[in-house]
Amino acid sequence: MATEGHAAFGDHQTWYRITGELGSGGVPLVALHGGPGCTHDYLLRLTSLAGDRAVVHYDQLGNGRSTHLPDAPADFWTVELFLAELDNLLRTLGIADRYALLGQSWGGMLAAEHAVRRPAGLRGLVIANSPASMRLWSAAADRLRAELPPDVEKTLRAHEADGTTDSQEYKDAVDVFYERHLCRVVPMPDEVAATFEALDADPTVYHAMNGPSEFHVIGSLQDWSIIDRVDAVAVPTLLVSGRHDEATPETVQPYADRIPDVRWEIFEESSHMPHVEEPERFTEVVGGFLRTLS
Ligand SMILES: N=C(O)[C@@H]1CCCN1
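Residues numbered from 1 in each chain as written. Predicted model: local features only at pLDDT ≥ 70, side-chain atom pairs only at ≥ 80, totals over all residues. Heavy atoms only, no water.

**Digging into the environment of Gln13**
One can find Gln13 in strand 2 (residues 12-19). Each residue touching Gln13, except ones within four places of it in the same chain, is listed here: His6, Ala7, Ala8, Leu61, Ser66 and Thr67. (Helix = DSSP H or I, 4+ residues; strand = E, 2+ residues; numbered from the N terminus. Contact = heavy atoms within 4.5 Å.)

**A word on helix 3 (residues 134-145)**
In this model helix 3 runs 16 Å from its N-terminal to its C-terminal C-alpha over 12 residues, within 8% of the 16 Å that 1.5 Å per residue would give. Taken together, the buried positions of helix 3 are occupied by Met134, Trp137, Ser138, Ala140, Ala141, Leu144 and Arg145. Seen from one end, helix 3 has its buried residues packed into an arc of 160°, which puts them on one side. For helix 3, the elements touching its buried residues are helix 2 (106-115), helix 4 (150-162), helix 5 (168-181) and helix 8 (249-258). Where helix 3 begins, one side-chain oxygen reaches toward the backbone nitrogen of Arg135, 3.4 Å away; that side chain belongs to Ser133. (Expected span 1.5 Å × (residues − 1). Buried < 20%, exposed > 50% of the residue type's maximum accessible area, 1.4 Å probe, protein only. Arc of directions from axis to C-beta. Polar contact = N/O pair within 3.5 Å; in protein donor to acceptor, adjacent residues only side chain to side chain.)

**Remarks on the site of the ligand**
The full set of residues close to the ligand is Gly34, Gly35, Ser105, Trp106, Met109, Met134, Trp137, Asn210, Glu214 and His272. At 2.7 Å from an oxygen atom of the ligand is found a side-chain nitrogen or oxygen belonging to Ser105. Contact with the protein chains covers 97% of the free accessible surface of the ligand, which is 250 Å². Broken down by secondary-structure element, the contributors of at least two residues to the shell around the ligand are helix 2 and helix 3. (Near = heavy atom within 4 Å. Areas by Shrake-Rupley, 256 points an atom, 1.4 Å probe, with all protein chains shown as cover.)

**A few points about the side chain of Gln60**
Within the secondary structure, Gln60 sits in the loop between strand 4 (55-58) and helix 1 (79-93). Here Trp106 takes part through its side chain, which lies 2.8 Å from a polar atom of the side chain of Gln60. Sequence-distant contacts of Gln60, defined by excluding residues within four places in its chain, comprise Leu32, His33, Ser66, Phe82, Glu85, Trp106 and Leu110.

**Description of the pairing of strand 8 (residues 262-267)**
Taken together, the 6 bridges between strand 7 (residues 237-242) and strand 8 define a ladder with parallel strand orientation. The residue of strand 8 that forms the bridge with Gly242 is Phe267. Regarding topology, helix 8 serves as the crossover connection from strand 7 to the parallel strand 8, and that connection is right-handed. (Pairing = 2+ DSSP bridges. Right-handed = clockwise from strand over helix to strand, strands pointing away.)

**Observations regarding the UniProt feature "domain: AB hydrolase-1" (unreviewed entry) in the protein chain**
Following the UniProt record, one finds the feature "domain: AB hydrolase-1" (unreviewed entry) at residues 28-279. Secondary structure content for residues 28-279 is 38% helix and 13% strand, while the C-alpha to C-alpha distance between its ends is 20 Å. (UniProt positions renumbered as here; feature names shortened; annotations may be inferred.)

**Some remarks on the UniProt feature "active site" (unreviewed entry) in the protein chain**
Under the UniProt annotation, the feature "active site" (unreviewed entry) is placed at Ser105, Asp245 and His272. A compact arrangement is adopted by the annotated residues: their sequence extent is 168 residues, whereas the largest C-alpha distance between any two is 10.4 Å. The annotated residues named above include Ser105 as those lining the largest cavity. Tracing the backbone shows Ser105 in the loop between strand 5 (99-104) and helix 2. Excluding residues that lie within four positions of it along the chain, Ser105 makes contacts with Gly34, Ala128, Asn129, Ser130, Trp137 and His272. Relative to the helices and strands, His272 resides in the loop between strand 8 and helix 9 (274-277). Among all residues touching His272, those that are not within four sequence positions of it are Gln104, Ser105, Asn129, Trp137, His181, Leu182, Glu214, Asp245, Glu246, Ala247 and Glu277. (1 Å grid on protein atoms, 1.4 Å probe; cavity = no way out; pocket = protein on both sides within 12 Å on 5 of 7 lines; lining within 4 Å.)

Laid out in structure tokens, this is it:
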């Protein structure tokens, strides 16, 4: 059973969906999607973690069922904005005193930013498929790109140099990378496709903070890093990544090296979406971790 609603966030609205009951025994889990500027849809399989806990999905400001702001200046989209939106949602739902976060990709970066501020109500953290810095991310992306068929990489580089990354030819070449390192389930499951359709329809946030593709990062996040701050995370933390993930092991390693109470699960048959690529094992591993929280 799921309920939906909107949390007033200043002059804007944050759409959310609750699976299960917020008052049930388990620590409520809030899912933070990636992008930035994606939508919750591709994370809907996380409802498998509900049952004795509520699972909250939401669309971060700027896309999906939340307020869109296509005319906002690029510098409107900041880490601080999305941290404030998350705090507002936690307060609106009445769970700010007891909750856990699962952030996927950018969502894991945002969850880590939230956690280093040591909020009193945070009980646990899952950082899934997330880099600890964007410099590490882009360096890894360059190594993965070098493994692409030469004609594909040549096409990508040409459109990036010409600024024609909105061309179908670029998008077709991007898909070759994404089928290797973003989601190896081909064709994409409907819920994943729904997020990419939303991203295509309104790329405002993604373009402002990230850039035209996962591996061509020219937006405001390009120098982001949490490596020197992440030792402040004071809750049990589970790291998740895929063996074929664009979030390669070296991009995740600083979390494993510096978070005091941490464990790391690498999904050998997955890339960037183990919750879709190995759903049963993902539910088993993450569900088991969540049950250790109180
Ligand atoms: N898919 C994502 O969220 C990634 C993470 C960093 C840029 N986009």
